[in-house]
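A closer look at the structure
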Amino acid sequence: MDFRERLQRATLRGQQARDAEAQAQAAKALSEEECRRLHASYRNILNDHIESCLKQLAENFPGFNYEPVISDKGWGGAIRRDDFGMSHGRRENYFSRLEILVSPHNQYHVLDVVAKGAVRNKENFSRNHYHLLKDADLDAFKNMIEQWTLDYAEQYAASTS
């Protein structure tokens, strides 16, 4: 076999390997409808977990009220609390809030959870965690939501007197 034949065979093997890889990637990629269905399923599971965590936080700090959130930014829940205090003979109002949302499905097929919070009028809590839908680990998301709730509780407890 001369060099030209070996070169053609090597080229053919390379093309076959490329085609096989492309087919494997295509099989791995989720269809648009499958992505929407998977995102909706994950969103529902995570919303239940968000509600559970936030309600427990509200029970731990009386005065917080839980409210479900459905907006163009996503689905989830929030807790909020209004306090007042006296300083130099003046009344001061304090606003505290924690909101955790699962962002809507997007063209990039990403599962995204966002948390924003304020403690006594200071917006000092912002978190974000995301993964591709096909790689998303719900347990990791649930653990992250729990950790964020604990972090906020710690910040709130440290700020109150």
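Up top is the structure these notes are about.
Here is what the cut-offs are and how they apply
- Every residue gets a number counted from 1 within its own chain, in the order that chain's sequence is written.
- It should be noted that, the model being predicted, local features are given only for residues of pLDDT at least 70 and side-chain atom pairs only at 80 or more, the latter also being counted only at that level, while totals for whole chains, interfaces and linings use all residues.
- Derived side-chain values reflect all non-hydrogen atoms in the structure, with water molecules and hydrogen atoms excluded from consideration.
- Between N-to-C directions, angles span 0 to 180 degrees; the directions come from axes that are lines fitted to C-alpha atoms, helices contributing only their stretch in contact.
- Numbering goes from the N terminus for both helices and strands, where a helix is a DSSP run of H or I of at least four residues and a strand is a run of E of at least two.
- Each angle is binned into one of four classes, with values under 35 degrees roughly parallel, values over 145 roughly antiparallel, values of 65 to 115 roughly perpendicular, and all other values oblique.
- Put simply, a crossing is left-handed when the front helix is turned counterclockwise from the back one by less than a right angle, and right-handed when it is turned clockwise.
- Here, residues are in contact when the closest pair of their heavy atoms is within 4.5 Å.
- Gly counts as polar in this scheme, as do all residues outside two lists: the nonpolar Ala, Val, Leu, Ile, Met, Phe, Trp, Tyr, Cys and Pro, and the charged Asp, Glu, Lys and Arg.

Quick notes on the packing of helix H2 (residues 32-60) against helix H3 (residues 138-159)
Taken N-terminus to C-terminus, the directions of H2 and H3 make an angle of 25 degrees; their axes are 10 Å apart at the nearest point. Considering the angle they form, H2 stands roughly parallel to H3. In this structure, the crossing between H2 and H3 has a hand that is right-handed. Judged by residue contacts, Tyr-42, Ile-45, Leu-46, His-49, Ile-50, Cys-53 and Leu-57 of H2 engage Leu-138, Phe-141, Lys-142, Ile-145, Glu-146, Thr-149, Tyr-152 and Ala-153 from H3. For the contact of H2 with H3, the class distribution of residues is eleven nonpolar, two polar and two charged.

Focus on the environment of Glu-51
Relative to the elements of secondary structure, Glu-51 occurs in helix H2. Sequence-wise, Glu-51 and Glu-154 are 103 residues apart; in three dimensions their C-alpha atoms are separated by 19 Å.

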